[in-house]
Number of protein chains: 2
Amino acid sequence: MHHAARMARARQRMEELGVDALLLSVGPDLPYLTGYEAMPLERLTMLVMRRTTEPVLVIPRLEAPRVAPQPGVFTVEAWDETMNPVARVAELIRGDRTVAIGDHTWARFLLALESELPDTRFCAASTVTGPLRARKDDSEIAALGAAARAVDAVAGTLRDRRFGGRTEREVQRDVIELMLDAGHERANFAIVAAGPNAASPHHEASDRRIEHGDVVLCDFGGVMAGYCSDITRMYVVGDPTAEVRDAYQALVDAQEAAVVAACVGTSCSDVDGVARGALASAALEQYFIHRTGHGIGVEAHEDPYLVAGNAERLATGHCFSIEPGVYVAGRFGLRLEDIVVATDHGPRRLNHAPRDLAPVD
Amino acid sequence: MHHAARMARARQRMEELGVDALLLSVGPDLPYLTGYEAMPLERLTMLVMRRTTEPVLVIPRLEAPRVAPQPGVFTVEAWDETMNPVARVAELIRGDRTVAIGDHTWARFLLALESELPDTRFCAASTVTGPLRARKDDSEIAALGAAARAVDAVAGTLRDRRFGGRTEREVQRDVIELMLDAGHERANFAIVAAGPNAASPHHEASDRRIEHGDVVLCDFGGVMAGYCSDITRMYVVGDPTAEVRDAYQALVDAQEAAVVAACVGTSCSDVDGVARGALASAALEQYFIHRTGHGIGVEAHEDPYLVAGNAERLATGHCFSIEPGVYVAGRFGLRLEDIVVATDHGPRRLNHAPRDLAPVD
C-alpha cells in the first residue's frame, strides 16, 4: 500500500531532521500521505503524526462518514461541534519539541496551537515532505502523463472551436467543461487572454470579445486521479503580424532549448538561464518577466522551482513545467508550456499537443 | 468608495485593540477591504496595513497587471521572482509589536514572518475584521439576496430535471453549470447525495446511480458579485416512505421555528437550541449531528456561528444559514437550508424556493 510506504519515508525524514511530530491539515501533504483531503473550512481536520505512535486523524464529526478506514495507516478521532479541536491536537503532541505543520494550514490554527504550546518550535511541513514529493515514482509519472494527455486532447479540441466574436469567459467555460469531460475531477484554473490581455500572465478571463487578428493565450490545468495537469497553447484568429510570428518562433526555440537542458544534474537556475539566454538572442529577454517553471505533482506548483538563483540540481523523477513567455504591455502576450520529467535517459515531455500558433476561426 | 470606508473602520478597531499592523493574504479579508483577491499560490501577495501609514499591497511582479489602481486606498509594490517578499513585509512592519495576520494565510508565511520578527506578537486578523464583516449593510444584504435568488432559481430548475438513472456526479455537473448560468462567478461546492449517501452531511458526489425511491439531498452555493450563496433542498424519485415524510415534516417545522427565533438580541446558542428542541419533540434530536447554522457573506462560513455554547447575540445585519438536518446512518439524510438576515423588524429569509420534498423523475 503506497500510503503506508510514503508515511514510512516521512517518518524516516522526521528522524533525520529531529522533527517530533507532523501536523497536516488542508493542502496536498495530507492526501499525499493518506489519500484523504481536508475540506478548506473553519472546522479543523488535522492528521497528527508523531515519530513513535500511530497517526491520528482528528476530524469534525460530520465529516467522519467521508473517511474510508485505513487500518495500519491512521486511526480516526471525531470531534463534536462544541469541542475545541486545537486543544485536542495540542494534547496529542504535548511534550514534543519540534513540530512540522502543513504549509497551507490556516494561520489561525497555527496561532491557536502556538498559544496552547508556547515551548514548541514549529517549522514548515515541506521541510519533511518537499523532497519526498518532488521525486516521482513510476506510478506518479504515469498519473501525470495521463493528466497531460487529457489536456493535450483539450488543446486539440480548441483548435476546432470558434474564438472570434466570443468572449474570453465563454471560451473559458468551454475549456473547463472539456477538462471535466476529459476525466479531470477538478479544474484548477483556465486562463483565456486575448490580444493585449495576454500581456498579463495571470489574466482573469473577462467579457472582452475576441476579435479578428487577436492572439489568444490559453493556459489551463486541473486534477486527474489526484495529479495535476498544466499546459499553455497559443491560438490566433486570422493571420498573426510578422512581429508576433517572429516572437513566437523565438519562444518555441527557447522552450525547446530549456527542455533539452533539463537533464538530471543540471541546476534549476541553469535551466532558467538557458530559456532566458535564448530569448535574449532574439532581443526579447526583457519581456520574459517570470521564472521558467515550477514542479508539479499533487500540487499545481511545488518543488523544484526553475528560477534564477535556485542551485538545486534536477534529479531523476523531478517533474516540472517549462514555460517561457513574452509579454509586451498593452499589445500582446505569448507563452508555451509543457510538463517535463527528468529521467536517467534525459528530459522527457509529458505533453504532446502541437506547439504551433494554431489558426482558429 | 466603500473600500476606503471599510478600511477606516478596520483602522479604528486596530486602534481599540492595540493592533499595530494588519497583514492580509489569501482569504476573504483582502477582497472585503480592497476588492482585490490574492491567488492561492506560493508567490506571496500581502496587504500591509499599519495604523499610521498608507497601506501597501506587496504583490508578485507578474500579477501586478491584475491590480486596478485604487488611489487613496493602497499603493502597490511588486516584487521580482528572485526577491524575498517575506523579508520585504517584515521590513515594512519592523518595530510593530502586535500584528494581526489573515486567518487563511498559509502557515509557511506566518512561520517565515515569525522567524524574521521574533519580538512581534501575532494574532488572527478576524479579531479585527470579524465583527465588521459580520454586520452587513444594505448593499451587502442586497448582494446576498441576489445570490440567494440565483440559487433559488437553480433549485427550481432541478425540479424539472431527471434524477432517476443518472449518477450523483452527473446531477452535480448540472447544478454547477446552472449556478454559473444564473450569474455566479464561481461555484464553491455542490453536494448531491442520494439515498444512504445523504446520511453523510458533506458527502462527495459519486458515481452512484440514483434509483427509484431515493431521497436526494442537494446543497450548493457559490459566489456572485463577491457574496456567497448557500441553499439545501430535498428531492425524491417516486414516493417517500412514511418515515421519511414524517421526518421531513419535523425538519420543516424545526427550520421554521429556528428562523422565527433568530431575532436581534437572541443568542446564537438559543437559536441552535430551538432547532434542536423542535427535533427532540419528534424524537429526532440524536440524528441532528451538526450546528444549526453559520454566518455568510464574502466567505461561505463566517461569524456568527449558530452553535450550542455561543453566547453571542444576533445583531441587525447579521446574515446566516438556518440548516437543521436529520441523518440516519446507512439509510437516509435530510437537510433544509435558507439564508436569513436579522433585521430590526425580525428575521427575514433571503431564499424563497419552495421547501417541500420535491417529487422528481
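Scroll up to find the structure this text is about.
Residues numbered from 1 in each chain as written. Chains lettered and ligands numbered in written order. Predicted model: local features only at pLDDT ≥ 70, side-chain atom pairs only at ≥ 80, totals over all residues. Heavy atoms only, no water.

Focus on the packing of helix α1 (residues 2-17) of chain B against helix α5 (residues 126-134) of chain B
Residues and elements named next belong to chain B.
Then, number 1: Packing of α1 against α5 brings their axes to within 9 Å, and their N-to-C directions diverge by 130°. In terms of orientation, α1 lies oblique with respect to α5. Relative to α5, α1 is oriented so that their crossing is right-handed. In this structure, α1 contributes R9, A10, R13, M14 and L17 to the contact, and α5 contributes T127, V128, P131 and L132.
Then, number 2: Here the contact of α1 with α5 is built from residues that sort into six nonpolar, one polar and two charged. (Axes fitted to C-alpha atoms, helices over the stretch in contact; angles between N-to-C directions. Helix = DSSP H or I, 4+ residues; strand = E, 2+ residues; numbered from the N terminus. Parallel < 35°, antiparallel > 145°, perpendicular 65-115°, else oblique. Left-handed = near helix turned anticlockwise from the far one by under 90°. Contact = heavy atoms within 4.5 Å. Nonpolar A, V, L, I, M, F, W, Y, C, P; charged D, E, K, R; others polar.)

Describing the packing of aromatic side chains
Residue and element names in this part refer to chain A.
Then, number 1: Inspection of every chain in the model, using the stated rule, returns four aromatic pairs over all chains.
Then, number 2: Both rings, one in W106 and one in F109, keep their centres 6.1 Å apart while their planes meet at 20°; by these two values the pair is stacked. The same class applies to W106 and to F109, which are both buried.
Then, number 3: The aromatic ring of F288 is capped on one face by R276, whose charged end is 4.1 Å from the ring centroid. (Phe/Tyr/Trp six-rings, centres within 6.5 Å; stacked < 30°, edge-to-face > 60°. Buried < 20%, exposed > 50% of the residue type's maximum accessible area, 1.4 Å probe, protein only. Lys NZ or Arg CZ within 6 Å of the ring centre and 35° of its normal.)

Brief notes about the side chain of T343(B)
Residues and elements named next belong to chain B.
Then, number 1: Tracing the sequence through the fold places T343 in strand β16 (residues 338-343).
Then, number 2: Within the structure, the side chain of T343 is placed 2.9 Å from the backbone nitrogen of H345, a separation counted as a polar contact.
Then, number 3: A polar contact of 2.6 Å, which involves the side chain of T343, links it to the backbone oxygen of G346.
Then, number 4: With near-sequence residues (within four places) excluded, T343 lies in contact with V264 and R348. (Polar contact = N/O pair within 3.5 Å; in protein donor to acceptor, adjacent residues only side chain to side chain.)

Remarks on the pairing of strand β6 (residues 121-124) of chain B
Residues and elements named next belong to chain B.
Then, number 1: The pairing of strand β5 (residues 98-101) with β6 spans four bridges and is parallel. What sits directly across from I101, in β6, is A124.
Then, number 2: Chirality of the crossover, the property in question, places the unit of β5, helix α4 (residues 107-116) and β6 among those that are right-handed. (Pairing = 2+ DSSP bridges. Right-handed = clockwise from strand over helix to strand, strands pointing away.)

Topic: the pattern of salt bridges
Where charged atoms of side chains with opposite charge meet at close range, the side chains can pair.
Then, number 1: For the structure on display, the rule yields 60 salt bridges over all chains.
Then, number 2: A salt bridge links R66(B) to E204(A); the nearest nitrogen and oxygen atoms lie 2.5 Å apart. One end of the pair, R66(B), is in the loop between β3 (56-60) and β4 (75-79); the other, E204(A), is in the loop between β7 (186-194) and β8 (215-224), on a second chain.
Then, number 3: E42(B) is paired through a salt bridge with R291(A); the nearest N and O atoms lie 2.6 Å apart. In this pair, E42(B) sits in the loop between α2 (29-34) and β2 (46-50) while R291(A) sits in the loop between α9 (268-280) and β11 (293-295), so the two residues belong to two different chains.
Then, number 4: Using a relative accessible area of 8% as the deciding quantity, one classes R291(A) as buried.
Then, number 5: Sharing partners across several salt bridges, the network here consists of D29(A), R133(A), K136(A), E299(A) and E302(A). (Salt bridge = Lys/Arg side-chain N within 4 Å of Asp/Glu carboxyl O.)

Side note on the sheet that holds strand β4 (residues 75-79) of chain A
Residues and elements named next belong to chain A.
Then, number 1: Spatial strand order, β4-β3-β2-β1-β5-β6: six strands in an open sheet with mixed pairing. Each of the sheet's edge strands pairs with one partner strand only, and the pair in question is β4 and β6 (121-124). Within this sheet the neighbouring strands show an average axis-to-axis angle of 25°, counted without direction.
Then, number 2: Contacting β1 (21-24) and β2 (46-50), helix α1 (residues 2-17) runs over the sheet at an angle of about 60° to β2.
Then, number 3: Along the sheet face, helix α5 (residues 126-134) touches β1, β5 (98-101) and β6 and points at about 25° away from the line of β6.

Looking at the relation of the copies chain A and chain B
Then, number 1: Once turned by 180° and shifted 0.0 Å along the axis, chain A lies on chain B with an RMSD of 0.0 Å. Here the transformation between the copies is reduced to the relation of a two-fold axis. (Least-squares fit on C-alpha atoms with pLDDT ≥ 70 in both.)

As for the packing of helix α8 (residues 242-261) of chain B against helix α9 (residues 268-280) of chain B
All names here are of chain B.
Then, number 1: Where α8 contacts α9, the two axes come as close as 8 Å, and the packing angle between them is 155°. In terms of their interaxial angle, α8 and α9 are classed as roughly antiparallel. The two elements α8 and α9 meet at a crossing, and its hand is right-handed. Two secondary-structure elements touch here, α8 through A250, L251, A254, A257, A258 and A261 and α9 through V271, V274, A275, A278 and L279.
Then, number 2: Among the residues forming the contact of α8 with α9, the class breakdown is eleven nonpolar, no polar and no charged.

Quick word on the interface of chain A and chain B
Think of interface size as the accessible area that goes away when the parts come together; that is how it is often given.
Then, number 1: In this assembly, 40 residues from chain A lie in contact with 40 residues from chain B.
Then, number 2: In total, about 3,500 Å² of surface goes out of reach between chain A and chain B, with carbon and sulfur atoms giving 60% of it.
Then, number 3: Across the contact surface, chain A and chain B share six salt bridges.
Then, number 4: Of all the secondary-structure elements, those providing two or more residues to the side of chain A that touches chain B are α4 (107-116), β6 and α7 (168-181) of chain A.
Then, number 5: In terms of residue count, α4(A) provides more of the side of chain A that touches chain B than any other element does, five residues in total.
Then, number 6: Among the residues forming the side of chain A that touches chain B, the class breakdown is 18 nonpolar, eight polar and 14 charged. (Buried area = accessible area lost by both parts, 1.4 Å probe.)

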